[in-house]
Amino acid sequence: QVQLAESGGGLVQAGDSLRISCAASGRSFNWLFMGWFRRAPGKERDFVASISWNDGNTYYADSVKGRFTISRDNAKNTVYLQMNSLKPEDTAVYYCATGRRLGDRRSEYNYWGQGIHVTVSS
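Residues numbered from 1 in each chain as written. Predicted model: local features only at pLDDT ≥ 70, side-chain atom pairs only at ≥ 80, totals over all residues. Heavy atoms only, no water.

Draft legend 1. How the structure looks around the overall build of the protein. Regarding its fold elements, the protein presents 0 helices and 11 strands. In sequence order, the protein lays out its α and β elements as β-β-β-β-β-β-β-β-β-β-β. Relative to the compact-globule value of 14 Å for 122 residues, the protein shows a C-alpha radius of gyration of 13 Å, a close match. Overall, the C-alpha framework of the protein stretches about 45 × 30 × 25 Å when taken along its three principal axes. (Helix = DSSP H or I, 4+ residues; strand = E, 2+ residues; numbered from the N terminus. Rg over C-alpha atoms; globule rule 2.2 N^0.38 Å.)

Have a look at this one:
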């Protein structure tokens, strides 16, 4: 089956930047989009950003728009999330997932990575 592996997480200071990656085993006809979600301590898993594999169209949550940038490298089957101006409230476990929409709903995604920790200190 499709496998997703996140990398690049860690501990950073507020205001700093971090780029996390998600390597996928491949694309499929039914799952042509990639999304990033995150689960902050004590909260639900929320949408962050998504991207289309073929044309690069993107969609962002309001909370990260202007600070985060999602991108992809089709040759490497990898999607990235560049996170700038990080805030303590960005602290969460970040998950990548394959989807069939640019949507922000968990039900629109099927395969999920294991998640990677991002901690932003104040």
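Draft legend 2. View of the nonpolar core. Among the nonpolar cores identified, the biggest contains 32 residues, and Trp36, Leu81, Met83 and Tyr94 are the most heavily contacted of them. Those elements that provide at least two residues to this core are β3 (18-24), β4 (33-39), β5 (45-52), β7 (68-73), β8 (78-83), β9 (92-99) and β11 (116-121). (Core = buried A, V, L, I, M, F, W, Y, C linked by side-chain atoms within 4.5 Å. Buried < 20%, exposed > 50% of the residue type's maximum accessible area, 1.4 Å probe, protein only.)

Draft legend 3. Quick look at the packing of aromatic side chains. This structure, assessed with the given rule, holds 5 aromatic pairs. Between Phe37 and Tyr109, the aromatic rings sit 5.1 Å apart at their centres with planes inclined by 80 degrees, giving edge-to-face as the arrangement. Note that Phe37 is positioned in strand β4 and Tyr109 in strand β10 (residues 109-112), a separation of 72 residues in sequence. Of the two residues, Phe37 and Tyr109, neither departs from the other in class, the shared state being buried. Among the aromatic residues, ring-to-ring pairing joins Phe37, Phe47, Tyr59, Tyr109 and Trp112 into one connected group. The lysine or arginine in question, Arg45, covers the ring of Tyr95, its NZ or CZ lying 3.7 Å from the ring centre. (Phe/Tyr/Trp six-rings, centres within 6.5 Å; stacked < 30°, edge-to-face > 60°. Lys NZ or Arg CZ within 6 Å of the ring centre and 35° of its normal.)

Draft legend 4. Just the environment of Gly56, in detail. Mapped onto the elements of the fold, Gly56 is located in the loop between β5 and β6 (58-60). With residues up to four places along the chain from it excluded, the contact list for Gly56 reads Ile51 and Arg72. (Contact = heavy atoms within 4.5 Å.)

Draft legend 5. Spatial organisation of the state of the cysteines. Evaluation of the coordinates by the stated rule reveals 1 disulfide. Note on cysteine connectivity: Cys22 is disulfide-linked to Cys96, with sulfurs 1.9 Å apart. What sets the handedness of the Cys22 and Cys96 disulfide is the S-S torsion sign, and at about 60 degrees it is right-handed. Note that Cys22 is positioned in strand β3 and Cys96 in strand β9, a separation of 74 residues in sequence. Residue classification places Cys22 among the buried residues on the basis of a relative accessible area of 0%. Residue Cys96 is classed as buried on the basis of its relative accessible area of 0%. (Disulfide = S-S within 2.5 Å.)

Draft legend 6. Seen up close, the pattern of salt bridges. Here the structure, examined in full by the defined rule, presents 2 salt bridges. The salt bridge partner of Asp90 is Arg38, with a shortest N-O separation of 2.9 Å. One end of the pair, Asp90, is in the loop between β8 and β9; the other, Arg38, is in strand β4, with 52 residues separating them in the sequence. Among the residues examined, Asp90 registers a relative accessible area of 1% and is labelled buried. On the basis of relative accessibility, which here comes to 12%, the residue Arg38 falls in the buried class. Of the charged contacts in the structure, one is a salt bridge between Arg67 and Asp90, with a shortest N-O distance of 2.8 Å. In this pair, Arg67 is assigned in the loop between β6 and β7 and Asp90 in the loop between β8 and β9, connecting sequence segments 23 residues apart. The burial state of Arg67 is the same as that of Asp90; both residues are buried. (Salt bridge = Lys/Arg side-chain N within 4 Å of Asp/Glu carboxyl O.)

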